[in-house]
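# Understanding the architecture of this molecule
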Amino acid sequence: MDQVSRLLFVIIVVIGRCDIRMQLSVVAVRLSALRAECGLSMASAAQAAGLNTSTIFRIEHGLVAPRESTVRILLDLYGEGEHAPRLLSLLREERVPGWYDAPAVPLPQSEFLELEARAQVIYTYGPRSVPPLLQTPAYAEAAVRAALPPGTPPERVERGVELVARRQEGLDRHEGPHLWAVLDRQALLDPPLARPDDRLVQLDALALAAKQPHIAVQIARPGAETGYLYQGPPFTLLRFAGLARPDVLVLHLLHAPVVVEDRRRIEDHQQAFARLSLSSFPVDATPGVLDGLRPLISG
């Protein structure tokens, strides 16, 4: 992303004004970043899309409002065609852009991160890992690295870690959401962290988080004791203030989170989370459970 695009995005974030110029700037920065990630020059992108190079230049510098059809063509070219509605909602001024629209935020994650930032209560369960909102920097780096293909450039790993930290800032705010997380014991014993010291730091971070009034942390009991086994991907349930916005389910799949608004599937996962919570150790037992894991980790 060039200096002009960077400046445009800084202005967007700092001023926070909702007008068509701001929306155009966000779209411009995103399209410029996606083209650069594909290794395409303006000329080569224009040729492949059947456009003039000057058109690409004007779009990427926020000088003109691109047609919706043009945005779709460019996103198809950059491999992000299925996420066109996300950018088009900005062009239509249907929403106010936020930090989750920054080019460093993968477009497939943007919708989920906006919903997470707006949620009043977050319920989350991950069978094999600590949720990002509770990860230490070392855990976040190891988790991001483990999820990416071998040979991924270090800067991409850094962006992933920075994204985790940005999400945690929202949770740390005084007016931020309440978090209720159920963790598997095995996820704590077999994390992506190689060093025992880093594993113990993660346990300490969970114990500290569990003391916060707006955070509830539970450790699941073994399935042999409870008779309940959740069989599905990691998931998050988001609840919003008031009645204007119904609850949302997010399934954390291999390549990107999937937002689900189907009422029946949401209710199924609400029941699943309730069963997970009821079959887990109580919230007030979490510090003791974590202490019991320390000897197993430290050896």
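Everything numeric in this text was worked out from a predicted model, so none of it was measured. (Residues numbered from 1 in each chain as written. Predicted model: local features only at pLDDT ≥ 70, side-chain atom pairs only at ≥ 80, totals over all residues. Heavy atoms only, no water.)

### Describing helix 6 (residues 84-91)
Most of helix 6 is tucked away: seven of the eight residues are buried. Every buried residue of helix 6 is accounted for by Ala 84, Arg 86, Leu 87, Leu 88, Ser 89, Leu 90 and Leu 91. Where helix 6 terminates, the next one or two residues include Glu 93, which has phi positive at roughly 60°. (Buried < 20%, exposed > 50% of the residue type's maximum accessible area, 1.4 Å probe, protein only. Helix = DSSP H or I, 4+ residues; strand = E, 2+ residues; numbered from the N terminus.)

### Let's talk about the environment of Leu 253
Assignment of secondary structure puts Leu 253 in the loop between strand 5 (248-252) and strand 6 (257-260). The partly exposed category is assigned to Leu 253, whose relative accessible area is 42%. Residues Leu 253 and Pro 234, spaced 19 residues apart in sequence, show a C-alpha to C-alpha distance of 7.5 Å. Beyond its immediate chain neighbours, meaning those up to four positions away, Leu 253 contacts Pro 233 and Val 258. (Contact = heavy atoms within 4.5 Å.)

### Details of the packing of aromatic side chains
Following the criterion strictly, the structure yields eight aromatic pairs and no others. With centroids separated by 6.1 Å and ring planes inclined at 85°, the aromatic side chains of Trp 180 and Phe 273 adopt a geometry described as edge-to-face. One end of the pair, Trp 180, is in strand 2 (residues 178-183); the other, Phe 273, is in helix 13 (residues 263-278), and 93 residues separate them in sequence. The exposure class of Phe 273 is buried, given its relative accessible area of 6%. Arranged with centres 5.3 Å apart and planes meeting at 50°, the rings of Tyr 230 and Phe 235 form a pair that is tilted. By the ring-pair criterion, three or more aromatic residues cluster together here, those being Tyr 123, Tyr 125, Trp 180, Tyr 230, Phe 235 and Phe 273. Cation over ring: Arg 245 sits above Phe 240, and NZ or CZ is 5.3 Å from the ring centre. (Phe/Tyr/Trp six-rings, centres within 6.5 Å; stacked < 30°, edge-to-face > 60°. Lys NZ or Arg CZ within 6 Å of the ring centre and 35° of its normal.)

### Let's talk about the sheet that holds strand 4 (residues 235-239)
Taken in spatial order, the six strands make up an open sheet running 3-2-1-4-5-6, and their pairing is mixed. Pairing within the sheet leaves two strands with one partner each, and these edge strands are strand 3 (215-219) and strand 6. With direction set aside, neighbouring strand axes in the sheet form an average angle of 15°. Contacts between helix 13 and the sheet are confined to strand 1 (121-126), strand 2, strand 3, strand 4, strand 5 and strand 6, with strand 4 contributing the most and set at about 105° to the helix. (Pairing = 2+ DSSP bridges. Axes fitted to C-alpha atoms, helices over the stretch in contact; angles between N-to-C directions.)

### As for the pattern of salt bridges
Under the counting rule described, the total for this entry stands at 17 salt bridges. For Asp 101, the salt bridge identified is with Arg 95, shortest N-O distance 2.8 Å. A salt bridge links Glu 267 to Arg 263, with the shortest nitrogen-to-oxygen separation between them at 3.7 Å. With Glu 267 and Arg 263 both in helix 13, this residue pair falls four residues apart, about one helical turn. We classify Glu 267 as partly exposed; its relative accessible area is 37%. The structure contains a network of salt bridges with shared partners spanning Arg 86, Arg 95, Asp 101, Glu 114 and Arg 118. (Salt bridge = Lys/Arg side-chain N within 4 Å of Asp/Glu carboxyl O.)

### A few points about the nonpolar core
Side chains that are nonpolar tend, in soluble globular proteins, to be buried together. With 37 residues, the main nonpolar core has Leu 134, Leu 188 and Leu 238 as its most contacted residues. Sorting the residues of this core by element identifies helix 7 (107-118), helix 8 (137-147), helix 9 (154-172), strand 2, helix 11 (196-210), strand 3, strand 5 and helix 14 (286-298) as the ones contributing at least two each. The element that contributes the greatest number of residues to this core is helix 11, accounting for five residues. When sequence neighbours within four positions are dropped, the list of residues in contact with Leu 238 reads Phe 112, Leu 115, Glu 116, Ala 119, Val 121, Ile 122, Asp 247, Val 248 and Val 250. Core analysis: the next-biggest nonpolar cluster, separate from the first, contains 21 residues, Ala 46, Ile 59, Leu 74 and Leu 87 among them. (Core = buried A, V, L, I, M, F, W, Y, C linked by side-chain atoms within 4.5 Å.)

### Remarks on unusual backbone geometry
Even without glycine at this site, Glu 93 takes up a positive phi of about 60°. Relative to the elements of secondary structure, Glu 93 occurs in the loop between helix 6 and helix 7.

### Describing the side chain of Thr 152
Structurally, Thr 152 is set in the loop between helix 8 and helix 9. A polar atom in the side chain of Thr 152 sits 2.6 Å from the backbone oxygen of Pro 149. (Polar contact = N/O pair within 3.5 Å; in protein donor to acceptor, adjacent residues only side chain to side chain.)

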